[in-house]
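A look at the structure
Okay, here's what each chain looks like letter by letter:
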Amino acid sequence: MKTTKIGFNPVKKRKIDTKSLQFKLTLYFLLFAVILMAVLWMLQIAFLDTYYESAMKRQVQRLVESVSRTYAYNPELNVDQLCADVWELSYENDTYFYLETSDGLLRITSSTDSERPGRMFIGGAAELTKARALILASPEKKAYFYVENARQDSRTLVYAVLTESDYREDLFIYAFAPLYPVDTTVQILAQQLLLVTAASLLLAVLLALWLSGRLSRPLIRIRDSAEQLARGEYSVHFQGGHYTEIDELAGTLTHAAQELSKAEDLQRDLLANVSHDLRTPLTMVKSYAELIRDISGDDPEKRNTHLGVIIEEADRLDALVGDILTLSKIQSGVDAMEMELLDAKVLTDHVLAAFRVLEELDSYRFELDVPPEPVWIRGDVRRLSQALYNLVANAVRYSDDDKTIRVALREEGHRIRITVEDRGIGIPAEELDSIWGRYQRASKQNARALSKGSGLGLSITKEILQRHGADFGVDSREGEGSSFWFTLERENIVDRAKPL
C-alpha cells in the first residue's frame, strides 16, 4: 500500500509574501526613510546656497529696519548712542553700515577701531552711488543688489533704504554683508549626510522589521486560531498582542467562538427537542389510526375518541410548526412590522379576553390594572398582541395552586411598562439568563401536566420586543411566582379622542 507523507520539506525555500503585513510595513518604513533622507539632502546640499542668501537678506533687512526706527521715531536723537548701536550691530552680524543724511551733514560708518571693532567695507564709492540711484528710482525707497569680488571669489549683498523722519533730515542707510562661498561647507555636510543616511536606512530597516514582527505575530496567531475555529474547535482562545485594537479583536473573536459553541449546543438541543416533539404526536397519530383500522372502526364511540386524539395531536403539530415558522419569519425580516398608533389599554384588555374562559373552566382569576384614560403607543398590533399573549399563556402554563394572574399597565416617565405576574412555580435563578433562548423551558420537571408549549414562545416574544425597541426582562423567585415585563416609548397626543 502506498502512503504519502505530509510534512515540512527543508529543501523547499520559503517565498517572500509581498502582500504580507510584515513586508508592507518594512517597505513603507524604508520608503519613508529614503524620502526623508532625500529631502534632507536637497535642503542641505542642493538648496544650501539659495537658503543661505535668503537668510542673509532677511537678517540684513531686519538690522536696517532696527537702525531706521531708532533714527526716524525718536524726537531727540542721540548721535553717540546711534553710532554705538551701529558699531554693535556691525560687530555682531559681520555687516558694514554707512549712514548719510540727505543734506550730507551727518555721516556714520562702521568703526574699525581696535576698541570698537566693526566691519571694514570692501568696495568703493561706485556701490554707494548705484545704491542711491536705485533707492530714488524705487517706489518703496528700498533697493538691494550683489557686488562680485573676483579676487576673493565671494559676493557682497548691498541693501539700501531711505528713511523719512518728521524730526530731522531723511537718512540713507546702506548695509554691506559679505556672502562667503559654501562649497567647503557643502562638502563637509555631504560627508556627514552619507554617514547619517547609511545609519538612518539601517536603523529604519531594523526598526521596521521589529515593528512589523511585533504587529504581525499576534495577527498570525489570530489567523491560526481562526482556522481552528473554522474546523469546529469552538474551545479555541484568541491571544491578543501589544496593541489595544488587536486585544479587542482577539476578545471579540473569543466571544464569537463561545457564542458559536452555544449556538451549536442550542441547535443540537433544538433538533433533539423538535424531533422528540414531532415524533411523539406522530406516534400517537399512527397508533390511534391503527386502532381505528383494526379495532374501533365499527364502534362509533371509540372511533370518535380515537379520532379526537388524532385531531388533538395534529393541532399540536400544527402549533409547533407554526411557532417555528413565526420565529423564522421574524428573525429573517420577511414578516415586517407594521407600526401604527394604538391604545395599550385596549391591547391588554383584548388579549386577556381570550383567557377569560379559563375563569369558568379551571378556576383562574385574571386581574387587569390599567389607568382610566387611553395610553398611546406605536407598534404592530398583531405582533404586540402575540407577544403579550405568549407572556399570559406562559403565566397560565406555570401557575400552581394560586391561579391568580395580574396584568398591569403603568406610565414610567416617557415609557409605558406592561407587566404580567403570576404566583406559580417560579424560575430557578440559574435559568433566568437562558429563559429567553430558543426552545427553552424553565423548571420542566414542575410544569403543569397540561402544558403543551413548544418552548419557542418566549423566544418569539423576545424577537418581537427587540424589533419594537422595547426593554424587557423577568423577575422571579422559585416557588413564589414570576413577573415578566416590557416597556415601550409613550406617544404624546394632544387630542386623545382623535389619534394621529
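Cut-offs and rules
- Residues numbered from 1 in each chain as written.
- Predicted model: local features only at pLDDT ≥ 70, side-chain atom pairs only at ≥ 80, totals over all residues.
- Heavy atoms only, no water.
- Buried < 20%, exposed > 50% of the residue type's maximum accessible area, 1.4 Å probe, protein only.
- Helix = DSSP H or I, 4+ residues; strand = E, 2+ residues; numbered from the N terminus.
- Pairing = 2+ DSSP bridges.
- Axes fitted to C-alpha atoms, helices over the stretch in contact; angles between N-to-C directions.
- Parallel < 35°, antiparallel > 145°, perpendicular 65-115°, else oblique.
- Left-handed = near helix turned anticlockwise from the far one by under 90°.
- Contact = heavy atoms within 4.5 Å.
- Nonpolar A, V, L, I, M, F, W, Y, C, P; charged D, E, K, R; others polar.
- pLDDT = per-residue confidence, 0-100.
- Phe/Tyr/Trp six-rings, centres within 6.5 Å; stacked < 30°, edge-to-face > 60°.
- Salt bridge = Lys/Arg side-chain N within 4 Å of Asp/Glu carboxyl O.
- Expected span 1.5 Å × (residues − 1).

**Here's the deal with the pairing of strand β3 (residues 142-149)**
- Residues A143, F145, V147 and N149 of β3 are buried on one face, while the alternating residues K142, Y144, Y146 and E148, pointing to the opposite face, are not.
- Where β3 lies against strand β4 (residues 154-163), eight bridges are found, and the strand directions are antiparallel. Note on β4: the bridge partner recorded for Y146 is L157.

**Points about unusual backbone geometry**
- Its identity is not glycine, yet K141 carries a phi of approximately 60°, on the positive side.
- We classify K141 as partly exposed; its relative accessible area is 26%.
- Phi is positive for S363, which is not a glycine, with a value near 60°.
- Its location among the elements puts S363 in the loop between α9 (357-361) and β7 (365-369).
- Look at S363 and you get exposed, because its relative accessible area is 62%.

**Some details on the sheet that holds strand β10 (residues 415-422)**
- The five strands are arranged β7-β9-β10-β12-β11 in an open sheet whose pairing can be described as mixed. Only two strands of the sheet have a single neighbouring strand rather than two, namely β7 and β11 (471-477). Averaged over neighbouring strand pairs, the angle between their axes works out to 15° when direction is ignored.
- Sheet analysis places strand β9 (residues 404-412) next to β10, joined by eight bridges and oriented antiparallel.

**Details of the packing of helix α8 (residues 344-353) against helix α10 (residues 381-397)**
- Orientation of α8 relative to α10, taken along the N-to-C sense of each, is 55°, at an axis distance of 10 Å. Regarding the angle of α8 to α10, the classification is oblique. In this structure, α8 crosses over α10, and the sense of that crossing is right-handed. For the pair formed by α8 and α10, the contact residues are L347, T348, V351 and L352 on the first element and V381, L384, S385, L388, Y389 and V392 on the second.
- In terms of residue class, the contact of α8 with α10 is made up of eight nonpolar, two polar and no charged.

**Remarks on the packing of α10 against helix α11 (residues 457-467)**
- Relative orientation of the contacting elements α10 and α11 amounts to 145°, with a least axis distance of 9 Å. Crossing of α10 against α11: the hand is left-handed. Side by side, α10 and α11 meet where R383, L384, Q386, A387, N390 and L391 of the first sit next to G457, L458, I460, T461, I464 and L465 of the second.
- Residue composition of the contact of α10 with α11, grouped by class: seven nonpolar, four polar and one charged.

**Considerations on the confidence of the model for the protein chain**
- When pLDDT is averaged across the protein chain, the result is 78; 79% of the residues are at 70 or more.
- Element-level mean pLDDT values for the protein chain span from 72 in helix α1 (residues 21-46) up to 93 in β10.
- Scored below 50 in pLDDT, residues 1-12 makes zero contacts in the model with residues more than four places away or belonging to other chains.
- Between residues 495-500, whose pLDDT stays under 50, and residues either more than four places distant or in other chains, the model counts nine contacts.

**Thoughts on the packing of aromatic side chains**
- According to the stated counting rule, one finds seven aromatic pairs in the structure shown.
- Aromatic pair Y96 and F176: ring centres 5.8 Å apart, planes at 50°, arrangement tilted. Highlighted residues: Y96 in strand β1 (residues 96-101) and F176 in strand β5 (residues 171-179), separated in sequence by 80 residues.
- With 6.1 Å between their ring centres and 20° between their planes, Y364 and F366 make a pair best called stacked.
- Overall, the relative accessible area of 6% leaves F366 in the buried class.

**Structural notes on the pattern of salt bridges**
- On inspection of all chains with the given rule, the structure shows 19 salt bridges.
- Note that R132 and E100 form a salt bridge whose closest N and O atoms lie 3.2 Å from each other. Of this pair, R132 sits in helix α4 (residues 125-137) while E100 is found in strand β1, placing the two residues 32 residues apart along the sequence.
- Close ionic contact of D224 with R223 constitutes a salt bridge, the shortest N to O distance being 3.2 Å.
- Judged by its relative accessible area of 32%, D224 is partly exposed.
- Through salt bridges with shared partners, a single ionic network connects D369, R406, R410 and E421.

**Looking at the sheet that holds β5**
- Taken in spatial order, the five strands make up an open sheet running β2-β1-β5-β4-β3, and their pairing is antiparallel. Strands with a single pairing partner mark the edges of an open sheet, and in this sheet they are β2 (107-109) and β3. Going from strand to strand, the sheet's axes swing by 15° on average, the running direction of each strand aside.
- Set on the sheet, helix α3 (residues 79-93) makes contact with β1 and β2; between it and β1 the angle comes to about 150°.
- Across the face of the sheet, α4 comes into contact with β1, β3, β4 and β5 while running at roughly 120° to β5.

**Digging into the environment of L456**
- Take L456: it is sitting in the loop between β10 and α11.
- Along the primary structure L456 and N390 are separated by 66 residues, whereas in three dimensions their C-alpha atoms are 9.4 Å apart.

**Points about the environment of K462**
- As for its position among the elements, K462 is in helix α11.
- A relative accessible area of 26% means that K462 is categorised as partly exposed.
- Separated by 26 residues in sequence, K462 and W436 have C-alpha atoms that sit 6.6 Å apart.
- When sequence neighbours within four positions are dropped, the list of residues in contact with K462 reads W436 and F472.

**Focus on α10**
- In a regular helix each residue adds 1.5 Å, so 17 residues correspond to 24 Å; α10 covers 24 Å between its end C-alpha atoms and thus fits that length.
- The element α10 is largely enclosed, with a buried count of twelve among its 17 residues.
- Those residues of α10 that sit buried are R383, L384, S385, A387, L388, N390, L391, V392, A393, N394, A395 and V396.

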